Structures are given as structure tokens and as C-alpha cells.
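So the chains spell out like this:
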Amino acid sequence: MCDCDIVFVLDGSGSISYNEGVEMVDFVKDVVNLLGDLGGNNVNYGSVVFAENAAVRISLSQEMNYQTFVNSVSLDRNGLGSVTKTHKGINLAMQDLQT
């Protein structure tokens, strides 16, 4: 068992097709299910979606267990634009890790 925080940074820009977005979210769900079985409730999960702007979609402060996270994670692109600015997603994830 470990006490861990994991934030997934997802590309919601226009270069990601709908099908690629579905595959990305499915991958995140698969990883979290595997880690959840190992870490139980001692792992906090979060997600950030980025494009031209970035947004925390699930904050670590919500302290979701892995099953709730898997049921909640999505590639919500609303209000983020279409240009790819990866650094904005990474910077926002780092801020969420520090709260």
C-alpha cells in the first residue's frame, strides 16, 4: 500500500479526434483500475484537460476513490479552445498537486 497522488494530464486539443479521445480516457480508466486494485484507497486521482487553455476536471482535493474516479473521468473539452499548449496542462497539474 502507498499514499500517492496521481494526476492525469489529457490532451483535449483539436488534434485529438473523438475516437482518440475515447481511447485516451479508456487507457486512463484501465490504468486506474489496475492501480486501484494494488493501492486501494491510499491513492488520490485527479485529471487536467488542456488545449489552448487548461482546466482541472477532477481535483486531488476531491479525494475520490479509484472506482468513483473511473466513473467520473472524461475528456471534457468545453471552453478550452483547439490549439495544443501542453505546458498549460502540466503547470495546472503541478498546481493541483501542491494544494
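Everything numeric here is computed off the predicted structure, so don't read it as measured data.

What counts and what doesn't
- Every chain begins its residue count from 1, and numbering advances along the sequence as written.
- Predicted model: local features are reported for residues with pLDDT of at least 70 only, side-chain atom pairs are reported and counted for 80 or more only, and whole-chain, interface and lining totals are derived from all residues.
- Excluding hydrogens and water, the side-chain values take into account all heavy atoms of the structure.
- Grouping into patches uses exposed residues only, defined as over 30% relative accessible area, and leaves out salt-bridged ones; the cut-off is 9 Å for like charges and 5 Å for nonpolar side chains (Val, Leu, Ile, Met, Phe, Trp, Tyr).
- Each accessible area value is a Shrake-Rupley result obtained with a 1.4 Å probe; residue values ignore everything except the protein chains displayed when judging cover.
- Every case where a carboxyl oxygen of Asp or Glu lies within 4 Å of a side-chain nitrogen of Lys or Arg is listed as a salt bridge.
- Think of it this way: any DSSP run of H or I at least four residues long counts as a helix, any run of E at least two long counts as a strand, and we number them from the N terminus.
- Accessible area is worked out with a 1.4 Å probe on protein chains only. A residue is then buried under 20% of its type maximum, exposed over 50%, and partly exposed in between.
- Here, nonpolar core means buried Ala, Val, Leu, Ile, Met, Phe, Trp, Tyr and Cys residues that are tied together by side-chain atoms lying within 4.5 Å of each other.
- Only heavy atoms matter for contacts: two residues are in contact if any of them lie within 4.5 Å across the pair.
- Note on pairing: two strands pair once DSSP finds at least 2 bridges between them.

All right, on to a nonpolar patch on the surface then. There is a patch of nonpolar side chains on the surface, built from V9, I90, M94 and L97 and spanning about 310 Å² of accessible area. For the nonpolar patch, the element with the most residues is helix α3 (residues 86-97), which contributes three residues. By the secondary structure assignment, M94 is in helix α3. The class for M94 is partly exposed, based on a relative accessible area of 42%.

The next subject is the nonpolar core. F8, L10, V28, V32, Y45, F69 and V73 are the most contacted members of the largest nonpolar core, which has 20 residues in total. At four residues, the largest contribution of residues to this core is made by helix α1 (residues 18-39). Not counting chain neighbours up to four residues away, the residues in contact with L10 comprise M24, V28, V48, V49, F50, V73, S74 and L75. In terms of nonpolar packing, the next biggest core, distinct from the first, is built from five residues, V7, V48, L60 and A93 among them.

With that settled, consider the pairing of strand β2 (residues 43-50). Counting buried positions over the eight residues of β2 gives seven, a clear majority of the element. Both strand β1 (residues 4-11) and β2 contribute to a ladder of eight bridges, which runs parallel. Along β2, the bridge assignment pairs I6 with Y45. Sheet analysis places β2 next to strand β3 (residues 54-58), joined by four bridges and oriented antiparallel. Within the sheet, the bridge partner assigned to V48 lies in β3 and is V56.

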